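Given next are the chains, with one letter for each unit.
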Amino acid sequence: MSGCKKQAYPPLVNTQFNITSYIENDPADFSLFDQILQKTGYDGFLQPYGEYTIFVPNNSAVTLYMKSKGKTSIDQFNVDSLKNLVRYHVIQNDTITTDLFFDGKLRTPTMLNQYLTTGVVNVSGTSSYIVNGQALILHSNIALGNGILHVIDHVLQPATNTIAKLIDLNSKYTIFDQALKATGLYDTLNVPATSAANPARAYFTVFAEPDSVYQSIGIPNFAALQLKYSSPGSDPLRNPNDGLYDYMAYHILAENSYLTDIISKPSHISISPGQDVISDVLQNTTIQLDYDNILGVQYPGASVDRPHSNIPATNGVLHSLLGDIYIKVFPPSEVDWDLADQPEFRKQTSIFRVAGKSSVGLNSPMTNITFENAAATVNYSCQPANNGTYYWWNDVISLNNFRNGPATQMIDITFTSPIIIKGKYKVWISYGHGSETAGAQILFDGNPLQNVIPNLNTTYLGFTTSNISASGPVLEANGWKRYTEAPYTATANQFYNTVALFYCGIVNVPTTDHHQLKLVAIGGAVGTPTVFDMVQFLPVTQNQEEPRYFNRDGSIAQ
């Protein structure tokens, strides 16, 4: 933090003690927590060797906790409540030091099956770690014989309410609450994780919209919300065909994702019947949901209300939104994907789409490209003006040494696509042909497509002197189609006959989202760098020959 002194936490090593004996040997600080351990029987549990992380409240912290509960001694507490309290302060089978603390939940849940969160706060000019937004760490990283101990200044209080109860008890969510109850999703969200019949649906993440958001978009009450989404006469109760049910289910994820988990992935699948996807993007410090560009239209989405999010529950976590999110329904639509248009190249304004310019090779990972070999590179080049090449936007990416071995070569590469609308598509890919003789297996979201590029060499393009003048349907039947504005020539090794779109196969795109397209090298022979121009997703119902021309100036023509 700028202007703040970070509190240093040197590791303290005391391997002659295990956790229980360490606490017993410091009654000045821990006599009250020691009483809790003895009353619950957990003193014996934490004495043998193992791997634990424990957050131990000092005597002042326990005294404050007793006062808040109207108690004057540990003996006045119910033993079961104290057992839950201890289990909430202990992480089993993991040792977590402060270098593994992040602005979000810890990597392993507590023995109560709830996650702790950590962050950093400024206290009197010093940055200190805070746990659950409740307790400052006073001493940390105390290495003992069976784990790591952190001393905290307040007792951590576990969540006692389900997500449904948290929403029901908060008066700012009355419309959202009524909608959950009307659809039956309240019941889904009202089961503690420890009681869930289906482990895959034990934890949830909910993006709740307060009444103020609905009022800002002209929805004053629940009746107005139902009128907007439910068909006349439709009962939304557990009805996957009802619009209100879909809308509410779209706000729920079957995962336990705090905000750091949300931004760690570009999208998350909701529990809506269509498994519709919520996308996310971090803009400075603002987390924006569904900030999507679809078919050239930028949708604003909704910001996450960070101060009122990350609210833990017994079955997940609750977040609050500052806007409305909803399912967007579109028919399958054409995606023309320029592989050379990558963020790392676009920001290099001196070369990006500047004739005759090229980049230095970039290693993995890039924003939307990854490959296994750390020594391999992806290069960008924009062709010189009028040099006889006719790539779309006049630029390409090249892969150096794309082949299946040895290990020093680029054996595979994965691209993250633009948003593709849910539906059924034919997939086409364009590559420049040279002396490279390796082939490629193409996978969509990990599933191999029907057709394999047998060889990335010119002679395997499929055009011969007998079919250079073949019609579009004839070429398509053979798994090819032209797409450039290159002039006709009967010479087989000219651009008109060496660059085309190869038919990869048909895919069913399950969600409107970004997806993964992976190329795996087949064969070990290598020559000049492999050049790729574009990928095309065309709905299966669309004429596959249109659009016909992808021009060097970026225009598209029939």
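Everything below is about the structure printed above this text.
These numbers come from a predicted model, not from an experiment.

Criteria and cut-off values
In every chain, residue numbers begin from 1 and rise along the written sequence. This being a predicted model, a pLDDT of at least 70 is required before a residue's local features are given, and a value of 80 or more before pairs of side-chain atoms are given or counted; all residues contribute to the totals for chains, interfaces and linings. Heavy atoms from the whole structure form the basis of all side-chain values; hydrogens and water molecules are not counted. Using a 1.4 Å probe on the protein chains alone, a residue whose accessible area is under 20% of its type maximum counts as buried, one over 50% counts as exposed, and one in between counts as partly exposed. Secondary structure elements are taken from DSSP: a helix is a run of H or I of four residues or more, a strand is a run of E of two residues or more, and numbering for both begins at the N terminus. In this description, one arc is meant: the one made by directions from the helix axis to the C-beta atoms. Every residue pair with non-hydrogen atoms within 4.5 Å of one another is taken to be in contact. Distance and chemistry together define a polar contact, namely a pair of N or O atoms within 3.5 Å, with one atom able to donate a hydrogen and the other to accept it when in protein, and with adjacent residues in sequence counting only for side-chain atoms on both sides. The rule is simple: put a 1 Å grid over the protein atoms alone, call a set of points where a 1.4 Å probe fits but cannot get out a cavity, call an open set with protein on both sides within 12 Å along at least five of seven lines a pocket, and count a residue as lining if it has an atom within 4 Å of a point. Grid points are joined across faces, edges and corners, and a volume is the space filled by probe spheres set on the points. DSSP calls a pair of strands paired once it identifies at least 2 bridges connecting them.

Moving on to helix 5 (residues 79-88). Looking at helix 5, one finds that the buried residues are Leu82, Leu85, Val86 and Tyr88. The buried residues of helix 5 occupy one face: seen down the axis, they fall within an arc of 160°. If you follow the buried residues of helix 5, they end up packed against helix 2 (27-40), helix 3 (42-45), helix 4 (59-68) and strand 4 (90-92). Capping the start of helix 5 is the job of one residue whose side-chain oxygen sits 2.8 Å from the backbone nitrogen of aspartate 80: asparagine 78.

What follows is about empty space enclosed by the protein. Considering all chains together, one arrives at 1 cavity of 30 Å³ or more under this definition. Space inside the largest cavity adds up to approximately 40 Å³. In terms of lining, the largest cavity is formed by Asn113, Gln114, Tyr115, Tyr203, Asn256, Tyr258, Pro312, Ala313, Thr314, Asn315 and Gly316.

The next subject is the side chain of histidine 268. Structurally, histidine 268 can be placed in strand 12 (residues 267-269). Judged by relative accessible area, which is 3%, histidine 268 ranks as buried. Reaching out from histidine 268, the side chain makes a polar contact with the side chain of glutamate 255 at a distance of 2.7 Å. Polar side-chain contacts of histidine 268 include one of 2.9 Å to the backbone oxygen of isoleucine 262. With residues near it in sequence (within four places) discarded, histidine 268 still touches Leu253, Glu255, Asp261, Ile262, Asp276, Val277, Ile278 and Asp280.

Let us look at helix 7 (residues 174-183). Along helix 7, the residues classified as buried are Ile175, Phe176, Asp177, Ala179, Leu180 and Thr183. Taken from the residues just after helix 7, glycine 184 is the one with a positive phi, measuring 85°.

For strand 9 (residues 147-152), a buried count of 6 out of 6 residues is recorded, marking the element as mostly surrounded by other parts of the structure. For strand 3 (residues 52-57) and strand 9, the ladder comprises 6 bridges, and the chain directions are parallel. Its bridge partner being in strand 9, isoleucine 54 is matched across the sheet by leucine 149. As paired elements, strand 8 (residues 135-144) and strand 9 share 5 bridges and run antiparallel to each other. By the bridge assignment for strand 9, isoleucine 137 is matched with isoleucine 152. Connecting strand 8 to the antiparallel partner strand 9 that follows it, the hairpin turn spans 2 residues.

These figures come from the coordinates and say nothing about function on their own.
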